[in-house]
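Structural description and commentary
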Amino acid sequence: MYSMVQAGSMGVPFVAVRGLMGSDILNYRSDLRVVENPFQEKEPVVVGQPIRPDVAVFHAVQADRWGNSLIPGGMRDDLMMARASRWVVVTAEEIVDKELKDENGRIHTFLPAIDVDQVVHSPWGAHPGSCGLLYGHDEAHIREYIEVAQEERTFQAYVDKYVYGPKNHSEYVSRVGLTAREKRG
Amino acid sequence: MAETIPEYSPEELMAVIISREARNQETIGVGAASPIPAAGSILAEQLHAPQATIIILGSEEYYPFPAGSSELHFLAQRGELDLFFLSGIQIDRRGNINLHVVGDYKAPSLRLPGAYGSAMLYYMAHRVILFRTEHTRRTFVEKVDFITAAGLTPQNVYREGGPTLMVTPKAMLAWDKEAGEWALTAILPGSSVADVQENTGFPLRMASPLAPALRPTDRELRILRTIVREKLLRIYPEFAEKKIRNF
């Protein structure tokens with residue numbers, strides 16, 4: 001999977017991967033095939049089709065008007081995923097005037113403007129997930145979701161209330177009861 | 001020096017058993033949702049493997065790379081990972097593991113997140129230890145419902161390593177590469193050969209002689225419950241709090 005995303009980021013036609021032989025995954029995935037290794041006679045190897053998502057969305061602590069973005073948390077594979085994707089949207093807690101630079105690699109993952117197509121200002125955009133040091137997981141909301149997801153009827157009510165109900169993101173934010181005051185840092 | 005026999009949780013003993021399998025100067029990887037192997041690897045580092053390179057997904061302290069989990073994946077694919085750990089909702093006689101579905105793939109009674117790289121890692125890590133906290137007939141089956149990662153290797157396929165050991169709260173089983181099957185090598189306290197066979201869904205081969213029952217030493221438990229617990233609280237806080245006793 002990582003190889004297939006990386007292949008997408010590289011623009012190559014396919015990628016050879018190790019292992020997988022004997023796995024039932026090969027029976028259900030048309031984007032994985034067994035071929036003979038062209039450099040090693042009679043050795044079967046698995047090749048995969050590159051993964052090129054139409055759209056990738058990342059949520060940033062900060063983005064600038066050119067698309068440079070700081071994604072919370074270091075040690076992430078976002079750059080590879082952004083490059084594999086055909087259209088990259090960054091939603092950001094804050095859009096800043098100054099040009100952002102690649103610093104503090106252990107704290108943020110940097111997406112450079114050249115790999116970003118669109119920036120959207122969306123405070124609380126990671127909710128109910130966390131966003132770096134700004135806010136943590138909304139555990140009560142996640143518990144509510146786990147509860148209602150057990151049954152089709154309650155799940156539908158949840159989706160109507162939080163997904164289809166609000167006209168826009170700020171209406172969602174007020175519906176889940178978030179206020180700027182609650183934000184840390 | 002005689003050691004007293006202390007009380008401990010099955011998770012603590014499994015972590016101790018795993019720690020004894022890690023060797024100094026090895027590169028050891030711990031994947032997602034693997035608190036017992038994480039505890040075992042850190043314990044080994046504290047006891048006999050101070051120069052091991054330990055990579056734990058989800059840890060900052062034990063993550064020596066600039067990018068994400070693709071780093072561990074590609075390191076293993078390069079053939080540079082000595083020891084890795086896998087589990088499965090089902091594990092079978094032939095070393096196959098199932099991380100996909102219980103029941104029919106098209107209409108499963110349970111759908112799981114999936115392989116997460118295991119179909120490659122099971123081939124390319126030099127040694128893979130399987131761990132499972134539930135030792136029952138529904139987990140240890142004759143044949144898994146879905147082969148996520150295969151124990152046996154088709155002809156002419158390149159493979160660096162594969163299964164070596166399986167650790168459960170009842171037993172330790174070693175992979176017999178010649179036979180392509182598991183062999184019971186040791187019993188954990190509180191279980192017996194009959195109990196293990198009763199709770200395993202395939203006939204067990206026996207290693208002879210069977211190793212004596214595995215127990216943690218005082219020193220292992222003390223380090224596990226102090227230094228290791230402290231470090232584990234930052235990676236698996238709930239597991240460290242509930243399963244590793246505070247010394």
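Quick notes on the rules
Residues numbered from 1 in each chain as written. Chains lettered and ligands numbered in written order. Predicted model: local features only at pLDDT ≥ 70, side-chain atom pairs only at ≥ 80, totals over all residues. Heavy atoms only, no water. Contact = heavy atoms within 4.5 Å. Buried area = accessible area lost by both parts, 1.4 Å probe. Salt bridge = Lys/Arg side-chain N within 4 Å of Asp/Glu carboxyl O. Polar contact = N/O pair within 3.5 Å; in protein donor to acceptor, adjacent residues only side chain to side chain. Helix = DSSP H or I, 4+ residues; strand = E, 2+ residues; numbered from the N terminus. Nonpolar A, V, L, I, M, F, W, Y, C, P; charged D, E, K, R; others polar. Core = buried A, V, L, I, M, F, W, Y, C linked by side-chain atoms within 4.5 Å. Buried < 20%, exposed > 50% of the residue type's maximum accessible area, 1.4 Å probe, protein only. Pairing = 2+ DSSP bridges. Axes fitted to C-alpha atoms, helices over the stretch in contact; angles between N-to-C directions. Phe/Tyr/Trp six-rings, centres within 6.5 Å; stacked < 30°, edge-to-face > 60°. Lys NZ or Arg CZ within 6 Å of the ring centre and 35° of its normal. Parallel < 35°, antiparallel > 145°, perpendicular 65-115°, else oblique. pLDDT = per-residue confidence, 0-100. Arc of directions from axis to C-beta.

**As for the interface of chain B and chain A**
Interfaces are often described in size by the accessible area the parts lose on coming together. Contacts between chain B and chain A engage 29 residues on the former and 21 residues on the latter. For the pair chain B and chain A, the two sides together bury roughly 2,100 Å², of which 59% comes from carbon and sulfur. If you sort the residues of chain B by the area they bury against chain A, F74, N156 and Y158 of chain B come out on top, with a joint share of 19%. Seen at the junction of chain B and chain A, the total is zero salt bridges. Where chain B packs against chain A, one counts 12 residue pairs in polar contact (both at pLDDT 80 or more). Every element with two or more residues in the side of chain B that touches chain A is listed here: α3 (70-77) and α4 (118-124) of chain B. Residues of the side of chain B that touches chain A, tallied by class, amount to 18 nonpolar, nine polar and two charged.

**Examining the nonpolar core**
Side chains of a nonpolar character, in soluble globular proteins, are inclined to be buried together. All names here are of chain B. Counting residues in hydrophobic clusters, the biggest one holds 53 residues, and the most contacted among them are L81, L130 and W182. The dominant element in this core, judged by the number of residues it contributes, is α4, at six residues. Residues I56, F131, L165 and L188 belong to the second largest nonpolar core, which totals 42 residues.

**Side note on the sheet that holds strand β2 (residues 32-36) of chain A**
Residues and elements named next belong to chain A. Here three strands make up an open sheet; going across it, the order is β1-β3-β2 and the pairing antiparallel. Strands at the two margins of the open sheet, each flanked by one partner only, are β1 (15-17) and β2. When strand polarity is set aside, the average angle formed by the axes of neighbouring strands in this sheet is 45 degrees. One ladder, built from five bridges, connects β2 with strand β3 (residues 44-48); its direction is antiparallel.

**With respect to the packing of aromatic side chains**
Scanning all chains against the criterion turns up 10 aromatic pairs over all chains. Plain terms: the ring middles of W124 of chain A and Y135 of chain A are 4.6 Å apart, the flat faces sit at 35 degrees to each other, and that makes the pair tilted. Remark: Y135 of chain A occurs in the loop between β8 (118-121) and α4 (139-148) and W124 of chain A occurs in the loop between β8 and α4; sequence separation between them is 11 residues. Residue W124 of chain A shares its accessibility class with Y135 of chain A, and that shared class is buried. Between Y145 of chain A and Y158 of chain A, the aromatic rings sit 5.3 Å apart at their centres with planes inclined by 65 degrees, giving edge-to-face as the arrangement. Within this pair, whereas Y145 of chain A is found in helix α4, its partner Y158 of chain A is found in helix α5 (residues 152-164), the two being separated by 13 residues in sequence. Here Y145 of chain A falls in the partly exposed class, since its relative accessible area comes to 34%. Aromatic ring contacts, followed pair by pair, group Y145, F155, Y158, Y162 and Y172 of chain A into a single cluster. A cation over an aromatic ring shows up here: R65 of chain A above the ring of W66 of chain A, its NZ or CZ 5.8 Å from the ring centre. One Lys or Arg, R159 of chain B, reaches over the ring of Y123 of chain B and ends 3.9 Å from the middle of that ring.

**Quick word on the packing of α4 of chain A against α5 of chain A**
Residues and elements named next belong to chain A. α5 packs onto α4 with a crossing angle of 140 degrees between their chain directions and a minimal axis gap of 8 Å. Considering their axes alone, α4 and α5 lie oblique with respect to each other. Residues H141, E144, Y145 and V148 of α4 form the contact with α5, whose own contacting residues are T154, F155, Y158 and Y162. Among the residues making up the contact of α4 with α5, the classes are represented as five nonpolar, two polar and one charged.

**Overview of the confidence of the model for chain B**
Looking at chain B as a whole, the pLDDT averages 95, with 98% of positions reaching at least 70. Scoring the predicted complex yields pTM 0.91 and, for the interface, ipTM 0.90.

**Regarding unusual backbone geometry**
The phi torsion of most residues other than glycine is negative, and most of the peptide bonds are trans. For the peptide bond that leads from H127 of chain A to P128 of chain A, omega is 5 degrees, which places it in the cis range. With respect to the element layout, P128 of chain A can be found in the loop between β8 and α4. The phi dihedral of Q25 of chain B falls on the positive side, at around 70 degrees, and the residue is not glycine.

**So, α5 of chain A**
At 3.6 residues per turn, the α-helix brings residues three or four places apart onto the same side. All names here are of chain A. Among the residues of α5, Y158, V159 and Y162 are the ones counted as buried. Projected down its long axis, α5 shows its buried positions confined to an angular sector of 100 degrees, all on one face. For α5, the exposed residues set more than 90 degrees away from the buried face come down to R153 and Y164. Close packing links the buried residues of α5 with α4 and α6 (169-175).

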